[in-house]
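So the chains spell out like this:
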Amino acid sequence: MSIDEDEILTMDSRVILSDKNQMPRLGLGTWRSEPGKVENIVFEAILNCGYRHIDCAWLYKNENEVGNGIRKALEQSQGKIKREDLFITTKLWNQHHQPEDVEWAIRDSLKNFQLDYIDLYLIHWPVAFKNIKENQWSQNQDKTIRYYAEGVTITDTWKAMENLVDFKLVRSIGLSNFKQSEIDEIINIARIKPVVNQIELHPYLNQQELRLYAKKVNIILTSYCPLANLKRPNEREEETSPLYNPIIEKIAKSKNRTSAQIIIRWHLQHGLTLIPKTVTPQRLYENCQVFDFYLSDNEMNQIDQLEKTHHRRFLNPQVLPPGNKYIFDD
Ligand SMILES: NC(=O)c1ccc[n+]([C@@H]2O[C@H](COP(=O)([O-])OP(=O)(O)OC[C@H]3O[C@@H](n4cnc5c(N)ncnc54)[C@H](OP(=O)(O)O)[C@@H]3O)[C@@H](O)[C@H]2O)c1
């Protein structure tokens, strides 16, 4: 999956999903976007930078502030930007996988945002927790999840997600953190096919196999942690993030760009959609100044090769029942 060299990408570029809805390629992430900052950054993104795609989740506990930012931007645009111009994604949290909880969960998100519908609703992880409201991440000593919900299947959850499209609460439905075998399980029973799989994807985890598979089954991939600006305790970002990789820094310098811009452009030229997060106004602007330069095949290839020497998956929670400790094998 890569874009056609003749396709001119802009901030308005959208991919057509398999259900014919359209999703802007570049969005804004909101995980760990703090209260007090996220409302303003969403407002700025929509009103002054041209972002139309905002990625959220019930788990992030900031849907209400994001909603405030959206409303304020629409109001201040004085009718120039409309709700239907925006593409808002949010996610079903693991403790709401029981089919009878799924409608409650989307209605709770809608209430938080004060919106009538969500553009894209994703199953956040392919793992069901019991619906213990007061504790979302309670773990056993071996780090496995204490409240794993035995017997709740992803296919039952998917059928409940499909009902939300019928009820017009959401326009499109999709997946997040699903492996090929799990996507197959859904496709095999789906009345409405998943349009998106949102996964960790960046130069140190380029997901080549899943990209080929997604293309085959007509699922759009959205890269999360697209800048991989992460570290574990006792690590320094300078050692772990591709933002500080010398090859990327060299390409950036040669084009008078930042590493973040080079990485964002790499995702776009691979035909990916992506949702870099920032609460810093200057970075918000920087991250969307990526439509007036092009990476050559050689530069794309140099970045593609980085995974071989720097393979790294940052998010691999230990949430399965005893015996299956991590969600992903690598
Ligand atoms: N589906 C899932 O399970 C899942 C998991 C993780 C993330 N996500 C989604 O994906 C979004 C993006 O992932 P992420 O937030 O983990 O990582 P990311 O977007 O790769 O990186 C965000 C980090 O990079 C910094 N940053 C942003 N722009 C920068 C720039 N131009 N130069 C240097 N640093 C920059 C941000 O700092 P400041 O904010 O301080 O500027 C923040 O610390 C999330 O916000 C969330 O919406 C989904």
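No experiment lies behind these values; they were computed from the predicted model shown.

### Here's the deal with the sheet that holds strand β3 (residues 28–29)
Now for step 1: Pairing is parallel across the open sheet formed by 8 strands, whose spatial order is β3-β4-β5-β6-β7-β8-β9-β10. Looking at which strands have only one partner, the edges of the open sheet turn out to be β3 and β10 (273–274).
Now for step 2: Across 5 bridges, the pairing between strand β8 (residues 196–200) and strand β9 (residues 220–224) is parallel. Of the residues in β9, the one forming a bridge with Glu-200 is Tyr-224.

### Re the UniProt feature "active site" (unreviewed entry) in the protein
Now for step 1: UniProt records the feature "active site" (unreviewed entry) for Tyr-60 in the present numbering.
Now for step 2: Residue contacts for Tyr-60: discarding those within four places in its chain leaves Thr-30, Trp-31, Asp-55, Lys-91 and His-124.

### A look at the site of the ligand
Now for step 1: In the vicinity of the ligand there are 29 residues, among which Asp-55, Leu-227, Lys-277, Thr-278 and Thr-280 approach most closely.
Now for step 2: A distance of 3.0 Å separates an oxygen atom of the ligand from a polar atom in the backbone of Cys-225.
Now for step 3: Contacts to the ligand include Val-279, whose backbone N or O atom sits 2.9 Å from an oxygen atom.
Now for step 4: Taken by itself the ligand offers 910 Å² of open surface, and the protein chains cover 89% of this.
Now for step 5: Looking at the shell around the ligand residue by residue, the classes come out as 14 nonpolar, 10 polar and 5 charged.

### Topic: the pattern of salt bridges
Now for step 1: Applying the stated criterion across every chain yields a total of 9 salt bridges.
Now for step 2: Between Glu-39 and Lys-72 there is a salt bridge, with its nearest N and O atoms 4.0 Å apart. With Glu-39 in helix α1 (residues 38–48) and Lys-72 in helix α2 (residues 63–76), this residue pair connects regions lying 33 residues apart in the sequence.
Now for step 3: Classification of Glu-39 as partly exposed rests on a relative accessible area of 22%.
Now for step 4: Residue Lys-72 is classed as partly exposed on the basis of its relative accessible area of 30%.
Now for step 5: A salt bridge links Asp-119 to Arg-83; the nearest nitrogen and oxygen atoms lie 2.9 Å apart. In this pair, Asp-119 sits in strand β6 (residues 118–123) while Arg-83 sits in the loop between α2 and β5 (87–92), placing the two residues 36 residues apart along the sequence. Pair check on accessibility: Asp-119 and Arg-83 agree, each one buried.

Conventions used here
Residues numbered from 1 in each chain as written. Predicted model: local features only at pLDDT ≥ 70, side-chain atom pairs only at ≥ 80, totals over all residues. Heavy atoms only, no water. Pairing = 2+ DSSP bridges. Helix = DSSP H or I, 4+ residues; strand = E, 2+ residues; numbered from the N terminus. UniProt positions renumbered as here; feature names shortened; annotations may be inferred. Contact = heavy atoms within 4.5 Å. Near = heavy atom within 4 Å. Polar contact = N/O pair within 3.5 Å; in protein donor to acceptor, adjacent residues only side chain to side chain. Areas by Shrake-Rupley, 256 points an atom, 1.4 Å probe, with all protein chains shown as cover. Nonpolar A, V, L, I, M, F, W, Y, C, P; charged D, E, K, R; others polar. Salt bridge = Lys/Arg side-chain N within 4 Å of Asp/Glu carboxyl O. Buried < 20%, exposed > 50% of the residue type's maximum accessible area, 1.4 Å probe, protein only.

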